[in-house]
Amino acid sequence: MSASVLPIPKFCNGQTVSFIGGEGIIKNYRFKSGSWEYLVEMPMGPEPQMGRVGYETMIWLSEVDIYSLVNNYFEKVLNWKQKKPAKAC
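As the structure is a prediction and not an experimental result, all values here were calculated from the model.

Engineer: Summarise the overall build of the protein; cite the residues concerned and give the values.
Structural biologist: Along the protein, the regular secondary structure elements total one helix and five strands. Its helices and strands in sequence order give the protein the pattern β-β-β-β-β-α, from N to C terminus. Counting across all 89 residues of the protein, residues that qualify as buried make up 21%. Of all intrachain contacts in the protein linking residues separated by at least 6 positions in sequence, the fraction that spans at least 24 positions is 42%. For the protein, the accessible surface area stands at approximately 7,000 Å², while carbon and sulfur atoms represent 57% of it.

So, in structure tokens, the structure goes:
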């Protein structure tokens, strides 16, 4: 019998994050294919003329495609000297 250890997710449910293309809130996450994926809900803009189809504002993103607004703020403003800022979770 062998034990496998999952890495700790970098982001938590309800956390506001940013990525190329916008910002959003983590709604769920899962470990898939050796890395964490996060379901990110983006704020809805004005309703288009054709109406809304469904959850077009939710997308699964890989952990490497997301960064925390909180950690980036502290890194820039407080100029931390740590090599790795504190985890968001």
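Here the narrative resumes.
Engineer: Break down the sheet that holds strand β1 (residues 16-19) for me, citing the residues and quoting the values.
Structural biologist: Taken in spatial order, the five strands of this open sheet run β4-β3-β2-β1-β5, and their pairing is antiparallel. Each having just a single partner strand, β4 (58-62) and β5 (66-68) make up the two edges of the open sheet. Averaged over neighbouring strand pairs, the angle between their axes works out to 50° when direction is ignored. In the sheet, strand β3 (residues 35-41) pairs with β4 via five bridges, with the strands oriented antiparallel. Residue pairing for β4: Glu41 is matched across the bridge by Met58.

Engineer: Tell me what's going on with the pattern of salt bridges, and back it up with residues and numbers.
Structural biologist: When charged atoms on two side chains of opposite charge get close, those side chains can pair. Applying the stated criterion across every chain, the model contains two salt bridges. Ionic pairing is found between Glu41 and Lys27, a salt bridge with its closest N-O pair at 3.4 Å. Within this pair, whereas Glu41 is found in strand β3, its partner Lys27 is found in strand β2 (residues 22-32), the two being separated by 14 residues in sequence. Glu41 gets classed as partly exposed once you look at its relative accessible area, which sits at 27%. The residue Glu37 makes a salt bridge to Arg30 at a minimum N-O spacing of 2.9 Å. Taking relative accessible area as the criterion, Arg30 reaches 32% and is therefore assigned partly exposed.

The rules behind the values
- Residues numbered from 1 in each chain as written.
- Predicted model: local features only at pLDDT ≥ 70, side-chain atom pairs only at ≥ 80, totals over all residues.
- Heavy atoms only, no water.
- Helix = DSSP H or I, 4+ residues; strand = E, 2+ residues; numbered from the N terminus.
- Buried < 20%, exposed > 50% of the residue type's maximum accessible area, 1.4 Å probe, protein only.
- Contact = heavy atoms within 4.5 Å.
- Areas by Shrake-Rupley, 256 points an atom, 1.4 Å probe, with all protein chains shown as cover.
- Pairing = 2+ DSSP bridges.
- Axes fitted to C-alpha atoms, helices over the stretch in contact; angles between N-to-C directions.
- Salt bridge = Lys/Arg side-chain N within 4 Å of Asp/Glu carboxyl O.

Keep in mind these numbers describe shape, not what the thing actually does.
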